There are 2 protein chains.
Amino acid sequence: MTTVDPTYAACPVPLPESERVLLGHGAGGQLSADLVTGLLLPALGSAAPAGPLEDAAVVPVGGVDVVISTDAYVVSPLFFPGGDIGCLAVHGTVNDLAMRAATPVALALAYVVEEGFPLADLRRVAASAGRAAAAAGVAVVCGDTKVVGRGAADGLYVVSTGIGHRPPGAAPSAGAVVSGDVVLLSGPIGSHGTAILSVREGLGFDADIASDTRPLHRLVAAMTAAGGTGVHALRDPTRGGLASALNEIAAASGVPVEIDEAALPVPPAVAAACEILGLDPAHVANEGCLVAFVAPERADEVLTAMRGLPEGGGAVRIGTVADHGEPGRVTVRTAVGSRRVLDMLVGEQLPRIC
Amino acid sequence: MTTVDPTYAACPVPLPESERVLLGHGAGGQLSADLVTGLLLPALGSAAPAGPLEDAAVVPVGGVDVVISTDAYVVSPLFFPGGDIGCLAVHGTVNDLAMRAATPVALALAYVVEEGFPLADLRRVAASAGRAAAAAGVAVVCGDTKVVGRGAADGLYVVSTGIGHRPPGAAPSAGAVVSGDVVLLSGPIGSHGTAILSVREGLGFDADIASDTRPLHRLVAAMTAAGGTGVHALRDPTRGGLASALNEIAAASGVPVEIDEAALPVPPAVAAACEILGLDPAHVANEGCLVAFVAPERADEVLTAMRGLPEGGGAVRIGTVADHGEPGRVTVRTAVGSRRVLDMLVGEQLPRIC
């Protein structure tokens, strides 16, 4: 699901016609946001969505709030430590629905496969998707499969679209964060992106790092049960990492966010891999954690609820929404007491991470 | 949206692990059905859908019947006489929803673009999708864009997923056809597939044949208003053509279908192109017509309603459901009075047609 900083949506800068798509346009950072807000949304015209863009859209259907989200998966390699493109496609979409406090109900899976792709691998991917869907309690209700010529899909791409039901109650939104909110993170960051890159670049961290891909809807249910309408915003920091998720929410709500660097849980192997790759762990994709903005008076209850589930066992408080500072800016207090701005990912350093 | 003969779903034949994906697995005929029923559905296990597979699935969400359908578009070339991959993706999904008598409500669009693809072309595709959505009265509520390396997506693939609302009343289903039903066709067949092939093969029919891509939900609304629950089954004969659509419905309902060849509207240019290409027009993809199975006492009213709209101006009666004959078999009465079996498309003659 595309998420963009709505300050850009409000003031799109048309991209020059002579230009071409860059790998960085798909990396989930600033270039991706520019492509969406400068080209794709304006081109849609009156059919384009209004309001801040979220992990999933809420659509009234026959008087019921239906939540919908779509994601294309082009991860390379297709099989990686901790998962594969099949379960990733299910978890990613379940999680996007969960970030709007929706209970996932049904999934649609579309495959684009290239001629010559081994049927055994296709079966393995489909079986993984099936297991992930069954474990998440969601049915795959429809699908589509297209075949393209050799070399024209790098094996296999998967697009998953999910619909969910949002009962009355918590309605978290990127634009609903207010001064004083506490920022919670459900667990360690950086595992998915570094697991993929380790395999792709042959770094040899495969034994130490596995993708964190997993469904988060039960975690969200526990959080909203504990925090109710005090759960103001949720986001799963996938492409673009924690930094992009924080920047998107800070911008959508027009608030300054302050993060305590020492509180960020980065596994040692992830830190080592990021060191070698020259990456900030805050820019690396995750597929099994979420960041939450919660009213201060409900933060402890929500944190306790998170820690009561395996997927929230490592939940920590990582920052706050300040009552002063530049709206939309994310600042990090470093371990030595200095401050730096935490920007969105720029450029193409992490293509095809999900 | 994948549609399969449910007799195969009931008795899946596992495909050998050693085999590989063929172009024909994507052509919408028998091989596509084998892939879905022999591999993809069994692999999904308990997460797989039950019952006859349709153009779209009906999912109860919070007490409301939500209809959902997904389609991957890999058509080559991206721009063709009468349309492009953008409007095609919108029309195709709107039509799949309409075949379950749903009013389309919202669309999700996912793009897989390759590095180096001209931004001007991407804008053109997105604008076409936006115009098609606005004309169909449906909003694009979410999207996703992924970028892959040069050559890894043959330009651009688009996956569109739609949700719709089915009000109480007509609930057409591939499995609801009964003896005596009249078979109606909304207009000429073969234009989309021959338009694509003419461009791709350089046949020079471009001036005479344009794709029939268009939305059909208003036509369906007029049909159900006129025919009510007498509209038993609807299908838009895309990949695999009219022959596959008829075979799928005949098999799902377990009835013999008899078609009058002389009644099939095939434009002269389409007939000429099919002659050159060695194709049966009944196997060629359409993107702007539908086939309907209607109770005989409502057929005249439904036909009149169809003819009252531009997209149904060429509607004709093409056959009946016989009260004798082999269940699941589609027979054609030829112009000279003989009979032949109309089979599903077999093989790879029409890859990347949509």
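Everything here concerns the structure above.
Note that this is a predicted model, so its numbers are computed, not measured.

Engineer: Break down the sheet that holds strand E5 (residues 103-114) of chain A for me, citing the residues and quoting the values.
Structural biologist: Residues and elements named next belong to chain A. One open sheet accounts for five strands, arranged E1-E2-E7-E5-E6; its pairing is mixed. What marks the edges here is a single partner per strand, and that holds for strand E1 (57-61) and strand E6 (139-148). Direction aside, neighbouring strands of the sheet carry axes that sit 20° apart on average. Relative to strand E7 (residues 156-165), E5 is paired through ten bridges, and the arrangement is antiparallel. Its bridge partner being in E7, Ala-108 is matched across the sheet by Thr-161. Sitting on the sheet, helix H4 (residues 119-136) touches E5, E6 and E7, and the angle it makes with E5 is about 175°.

Engineer: An account of the relation of the copies chain B and chain A is needed here, citing residue identities and associated values.
Structural biologist: With an axial shift of 0.0 Å and an RMSD of 0.0 Å, the rotation relating chain B to chain A amounts to 180°. Such a turn and shift between the copies fits a two-fold axis. Most of the interface of chain B is mirrored in chain A, where 100% of its interface residues again form contacts.

Engineer: Quick one: what's the story with the pattern of salt bridges, residue by residue and with numbers?
Structural biologist: Under the defined criterion, the tally for this structure stands at 22 salt bridges over all chains. A salt bridge links B:Asp144 to A:Arg239; the nearest nitrogen and oxygen atoms lie 2.8 Å apart. Of this pair, B:Asp144 sits in strand E6 (residues 139-148) while A:Arg239 is found in the loop between strand E9 (231-235) and helix H7 (241-253), placing the two residues in two different chains. Take B:Asp144: its relative accessible area is 1%, and that puts it in the buried class. Residue classification places A:Arg239 among the buried residues on the basis of a relative accessible area of 13%.

Engineer: Please provide a residue-by-residue account of the pairing of strand E10 (residues 257-260) of chain B, values included.
Structural biologist: Residue and element names in this part refer to chain B. Strand direction decides the pairing type here: E10 and strand E12 (residues 316-321), joined by three bridges, are antiparallel. Looking across to E12, one finds that Val-257 is bridged to Val-321. In terms of strand pairing, E10 meets strand E13 (residues 330-333) through four bridges, oriented parallel. Bridging from a neighbouring strand, Glu-258 pairs with Thr-331 of E13.

Engineer: Please set out the interface of chain B and chain A residue by residue, giving values where relevant.
Structural biologist: Between chain B and chain A, the contact holds 83 residues from the first and 83 residues from the second. When chain B packs against chain A, close to 6900 Å² is buried across both sides, 69% of that on carbon and sulfur atoms. Counting the surface chain B buries against chain A, the share from its top three residues, B:Val21, B:Leu119 and B:Arg123, is 11%. Between chain B and chain A we count two salt bridges in total.

Engineer: Any details on the sheet that holds strand E11 (residues 291-294) of chain B? Residues and values, ideally.
Structural biologist: Two pairing modes exist for strands in a sheet, parallel and antiparallel, and in both the strands are linked by backbone hydrogen bonds. Residues and elements named next belong to chain B. The strand order across the open sheet built from seven strands is E9-E11-E8-E12-E10-E13-E14, with neighbouring strands paired in mixed fashion. Strands at the two margins of the open sheet, each flanked by one partner only, are strand E9 (231-235) and strand E14 (339-341). The sheet shows a mean angle of 25° between the axes of neighbouring strands, taken without regard to direction. Packed onto the sheet, helix H7 (residues 241-253) meets strand E8 (182-185), E9, E10, E11, E12 and E13 and runs at close to 30° relative to E11. Each of E8, E9, E11 and E12 touches helix H9 (residues 296-307); the most contacted strand, E8, lies at about 5° to it.

Analysis parameters
Residues numbered from 1 in each chain as written. Chains lettered and ligands numbered in written order. Predicted model: local features only at pLDDT ≥ 70, side-chain atom pairs only at ≥ 80, totals over all residues. Heavy atoms only, no water. Pairing = 2+ DSSP bridges. Helix = DSSP H or I, 4+ residues; strand = E, 2+ residues; numbered from the N terminus. Axes fitted to C-alpha atoms, helices over the stretch in contact; angles between N-to-C directions. Contact = heavy atoms within 4.5 Å. Least-squares fit on C-alpha atoms with pLDDT ≥ 70 in both. Salt bridge = Lys/Arg side-chain N within 4 Å of Asp/Glu carboxyl O. Buried < 20%, exposed > 50% of the residue type's maximum accessible area, 1.4 Å probe, protein only. Buried area = accessible area lost by both parts, 1.4 Å probe.

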